[in-house]
Amino acid sequence: MNKDTRIIALTGAGVSAESGIPTFRGKEGLWNRYRVQDLATPEAFTRAPDTVWEWYRYRQELIGKAKPNPAHLALAKMEEIFPEFYLITQNIDGLHQKAGNKRVVELHGNIWEARCIAEGKIIECPPRTGNDPVPYCTCGSMLRPNVVWFGEALPVEALERAYQLVQDCEICFVIGTSSLVYPAAGLPMVAFEAGADIIEVNPAPSPALGISIHIREKAGIAMPVILDEISRTKPV
Ligand code: BJW
């Protein structure tokens, strides 16, 4: 591995688990406590925007208190070491950016942004005022969370950039994702077919294909060790 090695890290909810943010699937996962159909589909928002916004307000509160963990910090350091390091995340929590990563592609949006349902304009999510959890655009229309729900297309520019990056990378880390949700789950296979080595970091098995190395460990433990190993070899 040299300084110009093209590295991608594709991350999922597991990377933020050690920051106290619940994952989606599994025993403690959000989808075990809440119904996807009530909260994370465009139909749910049309039916009950206030219920959906209450849930996102609750999650904003939780995420607002969270700090980047050692996995986020190791990934930020990797971006400093490798000019061709890029991070592709399914997470909406913004913790990679908080840790210092700048070259981040967000596939599923960002919980701190809102989008006007009439104009499509994306703005910083206004804080809650009073009892109504729903924020409104200056045009009078409702704003919705700027995140990607089931059945919705991913932001075109982000997805195209992600495909470009995985097609062109040499090493692809797949960290803390169940690899169940498409199209994100298909990205490592694209990297594999283009000849990259795929390294998965996940304490549990996943259905991801084309993995060269499985590291069955929490990201907050594994990523600092991987970073130490890389730093020891002083890539030039
Ligand atoms: C740790 C750890 C630690 C724990 N360290 N690891 C092909 C086949 C079948 C279905 C489809 C298909 N293509 C599309 C679909 C439909 C659907 C889909 O994939 N469904 C499957 C579930 C079957 N996909 C979509 O609908 C997508 N849209 C789409 O395809 O549009 C097509 C279209 C085109 C043109 C016009 C219209 C439509 C959109 C998907 C949107 C996903 N949205 C969510 C919510 C985001 C907003 C929010 O947060 O509220 O995104 S759902 C949720 O899942 C969230 C996540 O980003 C995503 C992935 O979850 P992730 O990150 O993998 O988390 P978990 O919980 O699943 O896994 C955590 C992992 O961490 C586990 O493995 C743990 O072991 C591990 N772990 N602690 C390391 N300390």
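Heads up: these notes are all about the structure in this document.

## Notes on the overall build of the protein
Move 1: Looking only at helices and strands, the protein features 10 helices and nine strands.
Move 2: Against the globule reference of 18 Å for 236 residues, the protein gives a C-alpha radius of gyration of 18 Å, in line with a compact fold.
Move 3: For the protein, the spread of C-alpha atoms along the principal axes amounts to about 55 × 35 × 30 Å.
Move 4: Counting all 236 residues of the protein, 50% fall into the buried class.
Move 5: When the accessible area of the protein is evaluated, it comes to approximately 11700 Å², of which 55% is carbon and sulfur surface.
Move 6: Distance between charge centres in the protein, computed from 24 positive and 28 negative side chains, equals 5 Å.

## A look at the site of the ligand
Move 1: Lining the immediate environment of the ligand, one finds 35 residues, of which R25, Y56, R59, T177 and S178 sit closest.
Move 2: Here an oxygen atom of the ligand and a side-chain polar atom of R59 are 2.6 Å apart.
Move 3: Here an oxygen atom of the ligand sits 2.8 Å away from a polar atom, N or O, in the main chain of G151.
Move 4: When isolated, the ligand has an accessible area of 1500 Å², and the protein chains bury 73% of it.

## Concerning the packing of aromatic side chains
Move 1: Under the defined criterion, the tally for this structure stands at six aromatic pairs.
Move 2: Ring centres 5.6 Å apart and planes at 35° place the aromatic pair F45 and W149 in the tilted group. Placement of the pair is F45 in helix α4 (residues 42–47) and W149 in the loop between β6 (143–147) and α8 (156–167), with a sequence separation of 104 residues. Like W149, F45 is buried.
Move 3: Three or more aromatic residues joined by ring pairs form one cluster here, namely F24, W31, Y34, F45, W55, Y56 and W149.
Move 4: In this structure, R103 is placed above the aromatic ring of Y86, and the distance from its NZ or CZ to the ring centre is 5.5 Å.
Move 5: Between R161 and the ring centre of Y86, over which it is positioned, the NZ or CZ distance is 5.1 Å.

## Comments concerning the pattern of salt bridges
Move 1: What the rule picks out here adds up to nine salt bridges.
Move 2: Between D168 and R6 there is a salt bridge, and its shortest N-O distance comes to 3.6 Å. Taken together, the residues D168 in the loop between α8 and β7 (171–175) and R6 in the segment before β1 (7–11) connect sequence positions 162 residues apart.
Move 3: What makes R6 partly exposed here is its relative accessible area of 32%.
Move 4: A salt bridge links R144 to E152, with the shortest nitrogen-to-oxygen separation between them at 2.6 Å. Taken individually, R144 and E152 each receive the classification buried, so the pair is uniform in this respect.
Move 5: Taken together, the shared-partner salt bridges in this structure form one network comprising R6, D168 and E170.

## As for the sheet that holds strand β4 (residues 109–116)
Move 1: Taken together, the three strands give an open sheet; going across it, the order is β5-β4-β6, and neighbouring strands pair in antiparallel fashion. Looking at the sheet topology across the chains shown, the edges are occupied by β5 (122–124) and β6. Pairwise comparison of adjacent strand axes, ignoring direction, gives a mean angle of 45° for this sheet.
Move 2: As defined by bridge partners, β4 adjoins β5 across three bridges and the pair is classed as antiparallel.

## Remarks on helix α6 (residues 70–81)
At 3.6 residues per turn, the α-helix brings residues three or four places apart onto the same side.
Move 1: A rise of 1.5 Å per residue sets the reference length of α6, with its 12 residues, at 16 Å; its end C-alpha atoms lie 16 Å apart and thus fit the reference within 8%.
Move 2: Taken together, the buried positions of α6 are A71, H72, A74, L75, A76, M78, E79 and I81.
Move 3: At its buried positions, α6 is contacted by β1, α1 (14–17), β2 (85–89), α7 (95–99), β7 and α10 (219–232).
Move 4: Where α6 begins, one side-chain oxygen reaches toward the backbone nitrogen of A71, 2.7 Å away; that side chain belongs to N69.

## Some details on the sheet that holds strand β8 (residues 197–201)
Move 1: One open sheet accounts for six strands, arranged β3-β2-β1-β7-β8-β9; its pairing is parallel. The sheet is open, and its two edges are formed by β3 (104–106) and β9 (213–215), each paired on a single side. Along the sheet, successive strands turn relative to each other by an average axial angle of 15°, direction set aside.
Move 2: Pairing of β2 with β3, which is carried by three bridges, proceeds in the parallel orientation. Across the sheet, the residue bridging to L87 is V104, located in β3.
Move 3: Each of β1, β2 and β3 touches α8; the most contacted strand, β2, lies at about 135° to it.

Definitions and cut-offs
Residues numbered from 1 in each chain as written. Predicted model: local features only at pLDDT ≥ 70, side-chain atom pairs only at ≥ 80, totals over all residues. Heavy atoms only, no water. Helix = DSSP H or I, 4+ residues; strand = E, 2+ residues; numbered from the N terminus. Rg over C-alpha atoms; globule rule 2.2 N^0.38 Å. Buried < 20%, exposed > 50% of the residue type's maximum accessible area, 1.4 Å probe, protein only. Areas by Shrake-Rupley, 256 points an atom, 1.4 Å probe, with all protein chains shown as cover. Lys, Arg positive; Asp, Glu negative; His and termini not counted. Charge placed at Lys NZ, Arg CZ, Asp CG, Glu CD. Near = heavy atom within 4 Å. Polar contact = N/O pair within 3.5 Å; in protein donor to acceptor, adjacent residues only side chain to side chain. Phe/Tyr/Trp six-rings, centres within 6.5 Å; stacked < 30°, edge-to-face > 60°. Lys NZ or Arg CZ within 6 Å of the ring centre and 35° of its normal. Salt bridge = Lys/Arg side-chain N within 4 Å of Asp/Glu carboxyl O. Pairing = 2+ DSSP bridges. Axes fitted to C-alpha atoms, helices over the stretch in contact; angles between N-to-C directions. Expected span 1.5 Å × (residues − 1). Contact = heavy atoms within 4.5 Å.

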